[in-house]
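# Chain and residue survey
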Amino acid sequence: TEKLEQEWKESIMQAFHVDRLLDLNNGTQMTAYETSIRNRMRGEGLSSMFQRDMVEGYIPLTERTVSIMFRKGLLGRVQDGFISKVTTLWDKIMGREPLVVPAAVVEAAKAGLDVYRVRFISPATRFMQAEKLQGVFSVADFTEKAVAAFPGISDNIDQDKIMRCVVENSGAPSIILRSEDDVKKIREVRSEQEQAAQKLQATQMAAQAARDIGQAKASFTGPGGV
């Protein structure tokens, strides 16, 4: 029995890559590089379990909960149905402004389309996103080095999408990102300022050239215009 128990323990440790973590156990303080390696190994060992929990447990539970709340009108009032009428009447009694679900969302839900996306922001999710984030950094680093030999290679990379991907997979709050419309306005203002600066510089250069030509003519013109 003890032998069988030990075999099971070893099998479980190998399945979750715990044996790889034991190789890093030592009595000295780990460096930042060793810590990152250990975290990556731990993520590799637990990512499959986290993924299974999300796919088989949390996502179906969330979708079921949202569906029940949607039908009961707890996420907003739908334009038709008995529940809608009751909810509208209750809002009037309570003196509240009714929250109405847009008709497009209702029709999309009836058609079976995905009207929302479940997004996890837990530390377990960041474990699984670490590999994707590392891939983004690798691509950015490779592009920076290769652009010297192949200048056009950077045309394949969307810098805005890289930034949003880094924020999404690093666990940082999305509120730190400006909206696409705000970014567009900032770039338009910057472009106008750059164009104005270029025009001013061109005007100054033209004025300087005219002064230089005038001085040159004056130096070659003698007394009496000779």
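Residues numbered from 1 in each chain as written. Predicted model: local features only at pLDDT ≥ 70, side-chain atom pairs only at ≥ 80, totals over all residues. Heavy atoms only, no water.

## Notes on the overall build of the protein chain
Under the convention used in this document: Each helix is a run of DSSP H or I of at least 4 residues and each strand a run of E of at least 2, with the numbering of both proceeding from the N terminus. Residue burial is assigned from relative accessible area. The probe radius is 1.4 Å, only protein chains are included, and a residue is buried under 20% of its type maximum, exposed over 50%, and partly exposed in between. For the area figures, the Shrake-Rupley method with a 1.4 Å probe applies, and any residue is considered shielded solely by the protein chains shown.
Broken down by element type, the protein chain carries eight helices and zero strands. Going from the N terminus to the C terminus, the protein chain shows its helices and strands as α-α-α-α-α-α-α-α. Counting only residues that meet the buried cut, the protein chain has 13% of its 226 residues in that class. Carbon and sulfur atoms form 59% of the exposed surface of the protein chain, whose accessible area is close to 18100 Å².

## Notes on the pattern of salt bridges
Test applied: Salt bridges are identified by distance alone: a Lys or Arg side-chain nitrogen within 4 Å of an Asp or Glu carboxyl oxygen.
Under the definition given, this model contains four salt bridges. Two residues, lysine 145 and aspartate 141, come together in a salt bridge whose shortest N-O distance is 3.3 Å. In this pair, lysine 145 and aspartate 141 both sit in helix α6 (residues 123-146), four residues apart, roughly one turn of the helix.

## Overview of the environment of isoleucine 153
What counts is decided by this rule: Contacts between residues were defined by any pair of non-hydrogen atoms, one from each residue, lying within 4.5 Å.
Inspection of the secondary structure assignment puts isoleucine 153 in the loop between α6 and α7 (159-170). C-alpha separation for the pair isoleucine 153 and threonine 143, spaced ten residues apart in sequence, amounts to 7.1 Å. Those residues within four positions of isoleucine 153 in sequence are excluded, and the remaining contacts are Phe142, Thr143, Ala146 and Val147.

## Thoughts on the packing of α6 against α7
Condition: Axis definition: a line fit to C-alpha positions, over the contact stretch in the case of helices; interaxial angles, taken between N-to-C directions, run 0 to 180 degrees. What sets the label is the angle itself: under 35 degrees gives roughly parallel, over 145 gives roughly antiparallel, 65 to 115 gives roughly perpendicular, and the rest give oblique. In a left-handed crossing the near helix is turned counterclockwise from the far helix by less than a right angle, and in a right-handed crossing that turn is clockwise. Any residue that is not Ala, Val, Leu, Ile, Met, Phe, Trp, Tyr, Cys, Pro, Asp, Glu, Lys or Arg is counted as polar, Gly included; the first ten are nonpolar and the last four charged.
For the pair α6 and α7, interaxial distance at closest approach is 8 Å and the crossing angle is 155 degrees. In terms of orientation, α6 and α7 fall into the roughly antiparallel class. The handedness of the crossing between α6 and α7 comes out as left-handed. Contact residues: Arg126, Gln129, Lys132, Leu133, Val136 and Phe137 in α6; Ile162, Cys165, Val166, Glu168, Asn169 and Ser170 in α7. Of the residues that constitute the contact of α6 with α7, the class distribution is six nonpolar, three polar and three charged.

## Describing the side chain of threonine 143
Along the polypeptide, threonine 143 turns up in helix α6. Setting aside residues up to four positions removed in sequence, threonine 143 forms contacts with Ile153, Ser154 and Ile157.

## Let's talk about a nonpolar patch on the surface
Rules: Residues forming no salt bridge and having over 30% relative accessible area are the ones grouped into patches, like charges within 9 Å of each other and nonpolar side chains (Val, Leu, Ile, Met, Phe, Trp, Tyr) within 5 Å.
A contiguous nonpolar surface patch, about 450 Å² in accessible area, is contributed by Leu89, Trp90, Ile93 and Met94. Within the secondary structure, leucine 89 sits in helix α4 (residues 82-94).

## Points about the confidence of the model for the protein chain
This is how it is decided: The pLDDT score gives, residue by residue, the confidence of the prediction method on a 0 to 100 scale.
Taken as a whole, the protein chain shows an average pLDDT of 77; of its residues, 80% reach a score of 70 or greater. Looking at the elements of the protein chain, mean pLDDT is at its lowest for helix α2 (residues 18-22), recorded as 59, and at its highest for α7, recorded as 84.

## Focus: α6
Threshold: Expected span of a helix: the number of residues minus one, times 1.5 Å. A residue's bend is the angle separating two fitted axes: one through the seven residues that end there, the other through the seven that start there.
With 24 residues, α6 extends 34 Å from end C-alpha to end C-alpha; this agrees with the ideal 34 Å at 1.5 Å per step. Taking the largest bend as the criterion, α6 deviates by roughly 40 degrees, centred on glutamine 129. Of all the residues in α6, the buried ones are Ala124, Thr125, Gln129, Leu133, Val136, Thr143 and Ala146.

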